[in-house]
Amino acid sequence: MTNTIRFKIKRQDSPDSSPYWQEFEIPYKAGHNVVSALMVIRETPVTRDGKKVKPVVWECNCMEEVCGACTMLINGEVKQSCSALIDDLDQPIVLEPMSKFPVVRDLMVDRNRMFENLKKSKAWVDIDGSWDIHEGAPRISQEEWDRTYIFSRCITCGSCLEVCPQFDKDNDFMGAQIIAQVYLKNTHPTGKFKSADRLHALMGKGGIAECGNAQNCVEVCPKEIPLTTAIGDVGRQVTFQVLKDWFGK
């Protein structure tokens with residue numbers, strides 16, 4: 001077993017500057033994940049050739065694969081760095097920022113586009129006051145809950161968009177993340193009231209028609225969300241909505 005952990009990290013000082021590579025080496029310690037190893041590098045930011053540099057910048061929060069903030073490319077694959085264990089990775093461990101989002105600095109990217117698209121597609125359920133379950137409130141059956149709950153596990157990490165050939169920094173495609181959330185909200189008893197608004201958002205530029213059905217998204221989702229199921233179902237919903245619009249119903 002090696003006594004050290006080696007990293008090759010792609011760095012970028014600002015959104016407009018050119019990227020460059022630096023290598024680091026820290027003492028081996030059992031149980032390290034990528035985030036905890038980056039914390040060690042941050043404490044003593046010295047490259048393998050002995051040059052003192054600015055600390056590496058990355059983003060993290062929950063450390064439980066829930067917030068999605070620490071997503072990056074690890075040895076060429078998009079992963080959450082909090083759950084990427086050093087002992088499972090080949091060295092040198094190559095860290096890069098996600099390529100489909102603007103770089104803020106080093107490994108930190110701007111994922112704001114995903115949140116803006118959630119607003120664009122109205123991917124929420126309006127609540128006006130509260131319901132008393134004993135007075136005719138809409139209910140979700142256990143079967144429906146079993147079928148749709150997994151879609152609520154989305155952590156807005158951007159993994160599905162990173163591997164999508166249709167999603168790019170310079171286009172308008174919203175991607176599987178948005179389509180899955182529209183599917184979830186359209187199945188909700190109260191959310192159904194605004195289903196047409198969500199479908200109209202997906203009928204426009206950047207909507208579901210631009211999905212190439214590569215199915216890469218479902219392969220990398222850290223929460224194993226059946227994204228292609230949502231894409232297929234919402235595609236049918238959009239078709240029916242088009243017919244309703246044509247016939248004025």
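Note that this is a predicted model, so its numbers are computed, not measured.

## Details of the overall build of the protein
Next, step 1: Counting secondary structure elements, the protein contains eight helices and seven strands.
Next, step 2: The principal-axis extents of the C-alpha atoms in the protein amount to approximately 70 × 40 × 30 Å.
Next, step 3: Counted over contacts in the protein with a minimum sequence separation of 6, partners at least 24 positions apart contribute 64%.
Next, step 4: One way to put it: in the protein the 31 positive side-chain charges average out to a point 3 Å from where the 34 negative ones average out.

## Focus: helix α8 (residues 227–247)
Next, step 1: With 21 residues, α8 ought to run about 30 Å at 1.5 Å a step, and its terminal C-alpha atoms sit 30 Å apart, in line with that.
Next, step 2: Inspection of α8 places Leu227, Ala230, Ile231, Val234, Gln237, Val238 and Gln241 among the buried residues, and these make up the whole buried set. Angularly, the buried residues of α8 cover 130° about the axis, an arc narrow enough to put them on a single face. Structural note: α8 exposes Arg236, Phe240, Trp246 and Phe247 on the side pointing more than 90 degrees away from its buried face.
Next, step 3: Next to the buried residues of α8 lie α4 (159–162), α5 (176–187), α6 (195–203) and α7 (216–220).
Next, step 4: One or two steps after α8, the chain reaches Gly248, where phi turns positive at roughly 65°.

## A closer look at the sheet that holds strand β4 (residues 77–80)
What links the strands of a sheet is backbone hydrogen bonding, and the strands pair in either a parallel or an antiparallel sense.
Next, step 1: Overall, mixed pairing links the five strands, which are arranged β2-β1-β5-β3-β4 in an open sheet. Two strands close off the open sheet at either side, each with one partner strand: β2 (20–27) and β4. On average, each strand axis in the sheet is tilted by 35° relative to the strand beside it, whichever way the strands run.

## Overview of the pairing of strand β5 (residues 93–96)
Next, step 1: Alternating residues of β5 divide into Ile93 and Leu95 and Val94 and Glu96, and every residue in both groups is buried.
Next, step 2: Pairing of strand β1 (residues 4–11) with β5 involves three bridges; the strand directions are parallel. Residue Phe7 lies in a different strand from β5, and its bridge partner there is Ile93.
Next, step 3: Pairing of strand β3 (residues 71–74) with β5, which is carried by two bridges, proceeds in the antiparallel orientation. From the neighbouring strand, Leu73 faces β5, where its bridge partner is Glu96.

## Observations regarding the packing of α6 against α8
Next, step 1: Running from amino to carboxyl end, α6 crosses α8 at an angle of 100°, the nearest separation of the two axes being 10 Å. Put simply, α6 runs roughly perpendicular to α8. Taken together, the residues of α8 that come into contact with α6 (itself represented by Ala196, Leu199, His200, Leu202 and Met203) are Val234, Gln237, Val238, Gln241, Val242 and Asp245.
Next, step 2: Classifying every residue of the contact of α6 with α8 gives seven nonpolar, three polar and one charged.

## Quick notes on the nonpolar core
Next, step 1: Phe101, Phe151, Leu202, Leu227 and Val234 are the most contacted members of the largest nonpolar core, which has 34 residues in total.
Next, step 2: Elements with a contribution of two residues or more to this core: α2 (112–120), α4, α5, α6 and α8.
Next, step 3: The element contributing the most residues to this core is α5, with seven residues.
Next, step 4: No fewer than three residues from each of domain 1 (4–109) and domain 2 (112–246) sit in this core.
Next, step 5: Once you skip the residues sitting within four places of it in the chain, Leu202 turns out to touch Met174, Ile178, Ile179, Val182, Gly207, Ile208 and Val234.

The rules behind these values
- Every chain begins its residue count from 1, and numbering advances along the sequence as written.
- Given that the model is predicted, a residue must reach a pLDDT of at least 70 before its local features are reported, and side-chain atom pairs must reach 80 or more before they are shown or counted; all residues, however, enter totals for whole chains, interfaces and linings.
- Each side-chain value is worked out from all heavy atoms of the structure, with water and hydrogens disregarded.
- The helix count covers DSSP runs of H or I at least four residues long, the strand count covers runs of E at least two residues long, and both are numbered beginning at the N terminus.
- Two residues form a contact once any of their heavy atoms are found within 4.5 Å.
- Charge convention: Lys and Arg are scored as positive, Asp and Glu as negative, and His as well as the terminal groups of each chain are ignored.
- To locate a charge, the coordinates of NZ of Lys, CZ of Arg, CG of Asp or CD of Glu are taken.
- Expected helix span is given by 1.5 Å per residue-to-residue step, counting one fewer step than there are residues.
- Working definition: with a 1.4 Å probe on protein chains only, accessible area under 20% of the residue-type maximum means buried, over 50% means exposed, and in between means partly exposed.
- Read the arc as the range of directions from the helix axis to the C-beta atoms.
- At least two bridges found by DSSP between two strands is the condition for calling them paired.
- Only the stretch in contact is used when fitting a helix axis, every axis being a line fitted to C-alpha atoms; angles between N-to-C directions are given from 0 to 180 degrees.
- Roughly parallel means an angle under 35 degrees; roughly antiparallel, over 145; roughly perpendicular, 65 to 115; everything else is oblique.
- Amino acids outside the nonpolar list (Ala, Val, Leu, Ile, Met, Phe, Trp, Tyr, Cys, Pro) and the charged list (Asp, Glu, Lys, Arg) are all regarded as polar, and Gly is one of them.
- Buried Ala, Val, Leu, Ile, Met, Phe, Trp, Tyr and Cys residues form a nonpolar core when they are joined through side-chain atoms within 4.5 Å.
- For the purposes of this description, domain bounds are those given by an automatic or database domain assignment.

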